[in-house]
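# Summary of structural features
Here is what each chain is made of, one letter per residue.
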Amino acid sequence: MSVKNKVQLIGNVGQELEINNSSSGKKVVRFSLATNESYKKESGEKVTKTEWHRLVCFNKTADLAEQLITKGQQLAVEGKLTYNSYEDKEGIKRLSTDIIVNEFLLLTPKSNQEQS
């Protein structure tokens with residue numbers, strides 16, 4: 001049995017898409033996705049916890065994302081986790097976790113977003 005690196009999320013797009021080209025000239029689209037989890041404390045108080053995820057799209061997925069995804073939309077995404085390390089402007093080593101998007105599904109149609 002082979003184990004796959006697979007992530008599925010449903011959330012809301014938290015920012016306008018950042019669109020760039022890679023050094024090889026291919027389109028790269030980056031954006032954030034917010035997912036929420038709600039639960040009740042023993043006291044009965046409802047708590048909602050929001051997690052932010054960094055998503056990256058390449059190639060045809062990037063082209064579709066650029067055309068279809070806007071801030072505030074609800075999306076279902078499927079992809080894989082990647083871990084990166086880099087040095088920031090001050091020379092401090094930083095770690096980041098990105099989700100490379102293989103597929104996405106708009107749960108809020110773009111036409112509904114434009115009307116609100």
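For the structure itself, look to the data block above.
Throughout what follows, the structure given in this document is the object of discussion.

The next thing to look at is unusual backbone geometry. Working note: non-glycine residues mostly have negative phi, and peptide bonds are mostly trans. Notably, Asn-59 is not glycine yet its phi reads approximately 55°, a positive angle. Within the secondary structure, Asn-59 is located in helix α1 (residues 59-68). On the basis of relative accessible area, Asn-59 is assigned to the partly exposed category, the value being 39%.

This part is about the pairing of strand β2 (residues 18-21). Pairing geometry for β2 and strand β3 (residues 27-40), over 4 bridges, is antiparallel. Pairing of Glu-18 across the sheet is with Arg-30, part of β3. Connecting β2 to the antiparallel partner β3 that follows it, the hairpin turn spans 5 residues, and Gly-25 within it adopts a positive phi of roughly 90°.

Turning to the nonpolar core, a few remarks are in order. If you look at the biggest cluster of nonpolar residues, it comprises 17 residues, and the most contacted ones within it are Phe-31, Ile-69 and Leu-75. Elements supplying a minimum of two residues to this core: β1 (7-13), β3, β4 (46-58), α1, β5 (74-87) and β6 (93-106). Other than its neighbours up to four places away in sequence, Ile-69 contacts Val-13, Leu-17, Phe-31, Leu-64, Leu-75, Phe-104 and Leu-106.

Its place among the elements puts Ser-32 in strand β3. On the basis of relative accessibility, which here comes to 10%, the residue Ser-32 falls in the buried class. There is a polar contact of 3.2 Å between the side chain of Ser-32 and the side chain of Gln-15. Each residue touching Ser-32, except ones within four places of it in the same chain, is listed here: Asn-12, Val-13, Gly-14, Gln-15, Trp-52 and His-53.

The rules behind the values
Residues numbered from 1 in each chain as written. Predicted model: local features only at pLDDT ≥ 70, side-chain atom pairs only at ≥ 80, totals over all residues. Heavy atoms only, no water. Helix = DSSP H or I, 4+ residues; strand = E, 2+ residues; numbered from the N terminus. Buried < 20%, exposed > 50% of the residue type's maximum accessible area, 1.4 Å probe, protein only. Pairing = 2+ DSSP bridges. Core = buried A, V, L, I, M, F, W, Y, C linked by side-chain atoms within 4.5 Å. Contact = heavy atoms within 4.5 Å. Polar contact = N/O pair within 3.5 Å; in protein donor to acceptor, adjacent residues only side chain to side chain.

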